[in-house]
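Listed here are the chains, written in short residue letters.
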Amino acid sequence: QVVYASESSLLSQARSQFKTQFAKVDVIQKNKWGKAFLSLGQLSLATEAPLDDFFQSLSDLLRDLENQLGDETDYWAIRTVDHQTLIEEFTRQRSSAEADIANAKSKLDGTLYPSREDTERRIHQAEVLIEQNQEAIAQELSLIHI
(Lines give C-alpha, C1' and ligand atoms only; values in the text may rest on other atoms or scores of the structure.)
Protein backbone atom coordinates (compact mmCIF):
# COMPACT_ATOMS: atom_id res chain seq x y z
CA GLN A 1 0.00 0.00 0.00
CA VAL A 2 2.93 2.34 0.66
CA VAL A 3 4.23 1.56 -2.80
CA TYR A 4 0.92 2.60 -4.34
CA ALA A 5 0.91 5.89 -2.45
CA SER A 6 4.43 6.62 -3.68
CA GLU A 7 3.54 5.70 -7.27
CA SER A 8 0.38 7.78 -7.06
CA SER A 9 2.38 10.71 -5.75
CA LEU A 10 4.94 10.35 -8.56
CA LEU A 11 2.18 10.09 -11.12
CA SER A 12 0.53 13.20 -9.72
CA GLN A 13 3.82 15.10 -9.85
CA ALA A 14 4.44 13.95 -13.42
CA ARG A 15 0.95 15.09 -14.48
CA SER A 16 1.51 18.45 -12.81
CA GLN A 17 4.87 18.94 -14.54
CA PHE A 18 3.39 17.78 -17.84
CA LYS A 19 0.54 20.34 -17.53
CA THR A 20 3.06 23.06 -16.64
CA GLN A 21 5.21 22.21 -19.67
CA PHE A 22 2.16 22.18 -21.97
CA ALA A 23 1.11 25.57 -20.58
CA LYS A 24 4.58 26.91 -21.39
CA VAL A 25 4.42 25.44 -24.90
CA ASP A 26 0.99 27.02 -25.36
CA VAL A 27 2.36 30.43 -24.38
CA ILE A 28 5.34 29.97 -26.72
CA GLN A 29 3.04 29.03 -29.63
CA LYS A 30 1.17 32.32 -29.28
CA ASN A 31 4.36 34.23 -30.14
CA LYS A 32 5.52 34.21 -33.79
CA TRP A 33 9.17 33.63 -32.81
CA GLY A 34 8.18 30.98 -30.31
CA LYS A 35 6.11 29.27 -32.95
CA ALA A 36 9.08 29.35 -35.34
CA PHE A 37 11.37 27.86 -32.68
CA LEU A 38 8.90 25.07 -31.93
CA SER A 39 8.56 24.34 -35.64
CA LEU A 40 12.33 24.13 -35.98
CA GLY A 41 12.46 21.82 -32.98
CA GLN A 42 9.77 19.57 -34.47
CA LEU A 43 11.62 19.53 -37.79
CA SER A 44 14.84 18.64 -36.01
CA LEU A 45 13.12 15.78 -34.18
CA ALA A 46 11.38 14.59 -37.35
CA THR A 47 14.65 14.45 -39.28
CA GLU A 48 16.35 12.85 -36.31
CA ALA A 49 19.01 15.56 -36.40
CA PRO A 50 21.07 15.93 -33.24
CA LEU A 51 19.39 18.22 -30.74
CA ASP A 52 22.74 19.85 -30.03
CA ASP A 53 22.70 21.24 -33.59
CA PHE A 54 19.20 22.58 -33.03
CA PHE A 55 20.18 24.23 -29.74
CA GLN A 56 23.32 25.66 -31.31
CA SER A 57 21.23 27.11 -34.15
CA LEU A 58 18.85 28.63 -31.62
CA SER A 59 21.75 30.00 -29.64
CA ASP A 60 23.27 31.53 -32.79
CA LEU A 61 19.93 33.02 -33.78
CA LEU A 62 19.40 34.51 -30.33
CA ARG A 63 22.92 35.97 -30.38
CA ASP A 64 22.30 37.49 -33.82
CA LEU A 65 18.96 38.93 -32.68
CA GLU A 66 20.56 40.39 -29.55
CA ASN A 67 23.30 41.98 -31.67
CA GLN A 68 20.70 43.38 -34.05
CA LEU A 69 18.68 44.69 -31.11
CA GLY A 70 21.84 46.28 -29.70
CA ASP A 71 22.53 47.94 -33.04
CA GLU A 72 18.95 49.21 -33.25
CA THR A 73 19.12 50.47 -29.67
CA ASP A 74 22.38 52.30 -30.40
CA TYR A 75 20.90 53.83 -33.57
CA TRP A 76 17.78 54.88 -31.64
CA ALA A 77 19.93 56.49 -28.93
CA ILE A 78 21.96 58.41 -31.53
CA ARG A 79 18.83 59.59 -33.35
CA THR A 80 17.28 60.62 -30.01
CA VAL A 81 20.33 62.75 -29.19
CA ASP A 82 20.20 64.28 -32.69
CA HIS A 83 16.50 64.99 -32.24
CA GLN A 84 17.05 66.60 -28.83
CA THR A 85 19.87 68.73 -30.27
CA LEU A 86 17.58 69.95 -33.06
CA ILE A 87 14.81 70.74 -30.58
CA GLU A 88 17.23 72.71 -28.41
CA GLU A 89 18.57 74.62 -31.45
CA PHE A 90 15.05 75.43 -32.71
CA THR A 91 14.02 76.52 -29.22
CA ARG A 92 17.09 78.76 -28.96
CA GLN A 93 16.44 80.26 -32.41
CA ARG A 94 12.78 80.83 -31.57
CA SER A 95 13.66 82.53 -28.28
CA SER A 96 16.23 84.68 -30.08
CA ALA A 97 13.68 85.63 -32.76
CA GLU A 98 11.07 86.46 -30.12
CA ALA A 99 13.61 88.66 -28.31
CA ASP A 100 14.51 90.39 -31.61
CA ILE A 101 10.82 91.03 -32.31
CA ALA A 102 10.28 92.42 -28.80
CA ASN A 103 13.35 94.70 -29.18
CA ALA A 104 12.20 95.92 -32.60
CA LYS A 105 8.68 96.59 -31.30
CA SER A 106 10.09 98.42 -28.31
CA LYS A 107 12.30 100.55 -30.57
CA LEU A 108 9.37 101.29 -32.89
CA ASP A 109 7.04 102.20 -30.02
CA GLY A 110 9.62 104.04 -27.92
CA THR A 111 11.73 105.81 -30.51
CA LEU A 112 10.72 105.57 -34.15
CA TYR A 113 6.97 106.19 -33.95
CA PRO A 114 7.36 109.24 -31.65
CA SER A 115 10.26 110.46 -33.80
CA ARG A 116 8.12 110.02 -36.92
CA GLU A 117 5.28 112.03 -35.36
CA ASP A 118 7.72 114.76 -34.33
CA THR A 119 9.29 114.79 -37.82
CA GLU A 120 5.86 114.99 -39.48
CA ARG A 121 4.92 117.87 -37.17
CA ARG A 122 8.15 119.75 -37.98
CA ILE A 123 7.67 119.15 -41.73
CA HIS A 124 4.16 120.56 -41.47
CA GLN A 125 5.52 123.62 -39.60
CA ALA A 126 8.20 124.07 -42.26
CA GLU A 127 5.60 123.84 -45.05
CA VAL A 128 3.49 126.49 -43.26
CA LEU A 129 6.55 128.74 -42.90
CA ILE A 130 7.46 128.22 -46.59
CA GLU A 131 3.91 129.14 -47.58
CA GLN A 132 4.01 132.22 -45.34
CA ASN A 133 7.40 133.20 -46.78
CA GLN A 134 6.14 132.75 -50.34
CA GLU A 135 3.12 134.92 -49.55
CA ALA A 136 5.38 137.54 -47.95
CA ILE A 137 7.71 137.50 -50.99
CA ALA A 138 4.78 137.74 -53.36
CA GLN A 139 3.42 140.66 -51.37
CA GLU A 140 6.80 142.41 -51.39
CA LEU A 141 7.14 141.85 -55.12
CA SER A 142 3.70 143.24 -55.74
CA LEU A 143 4.64 146.38 -53.82
CA ILE A 144 7.78 146.78 -55.89
CA HIS A 145 5.83 146.55 -59.16
CA ILE A 146 3.29 149.15 -58.22
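Source: prediction; values computed, not measured.

Conventions and cut-offs
- Residues numbered from 1 in each chain as written.
- Predicted model: local features only at pLDDT ≥ 70, side-chain atom pairs only at ≥ 80, totals over all residues.
- Heavy atoms only, no water.
- Helix = DSSP H or I, 4+ residues; strand = E, 2+ residues; numbered from the N terminus.
- Rg over C-alpha atoms; globule rule 2.2 N^0.38 Å.
- Buried < 20%, exposed > 50% of the residue type's maximum accessible area, 1.4 Å probe, protein only.
- pLDDT = per-residue confidence, 0-100.
- Expected span 1.5 Å × (residues − 1).
- Bend = angle between axes of the 7 residues up to and from the residue.
- Patch = residues over 30% accessible without salt bridge, like charges linked within 9 Å, V, L, I, M, F, W, Y side chains within 5 Å.
- Areas by Shrake-Rupley, 256 points an atom, 1.4 Å probe, with all protein chains shown as cover.
- Salt bridge = Lys/Arg side-chain N within 4 Å of Asp/Glu carboxyl O.

Attention now moves to the overall build of the protein. Helix and strand counts for the protein come out as 3 helices and 0 strands. Against the globule reference of 15 Å for 146 residues, the protein gives a C-alpha radius of gyration of 47 Å, more extended than a compact globule. A principal-axis box enclosing the C-alpha atoms of the protein has dimensions of 160 × 40 × 20 Å. Looking at the 146 residues of the protein, the share that counts as buried comes to 4%.

Below, the discussion takes up the confidence of the model for the protein. Mean pLDDT over the protein works out to 84, with 92% of the residues at or above the 70 mark. Per-element confidence in the protein is highest for helix 3 (residues 51–144), whose mean pLDDT is 91, and lowest for helix 1 (residues 2–29), whose mean pLDDT is 68.

With 94 residues, helix 3 should reach 140 Å at 1.5 Å per residue; the first-to-last C-alpha distance of 132 Å fits that figure. Remark: the principal bend of helix 3, roughly 40°, maps to Leu108.

Quick look at a nonpolar patch on the surface now. A cluster of nonpolar side chains, namely Leu45, Leu51 and Phe55, defines an oily patch on the protein surface of about 300 Å² accessible area. Mapped onto the fold, Leu51 is located in helix 3. Look at Leu51 and you get partly exposed, because its relative accessible area is 37%.

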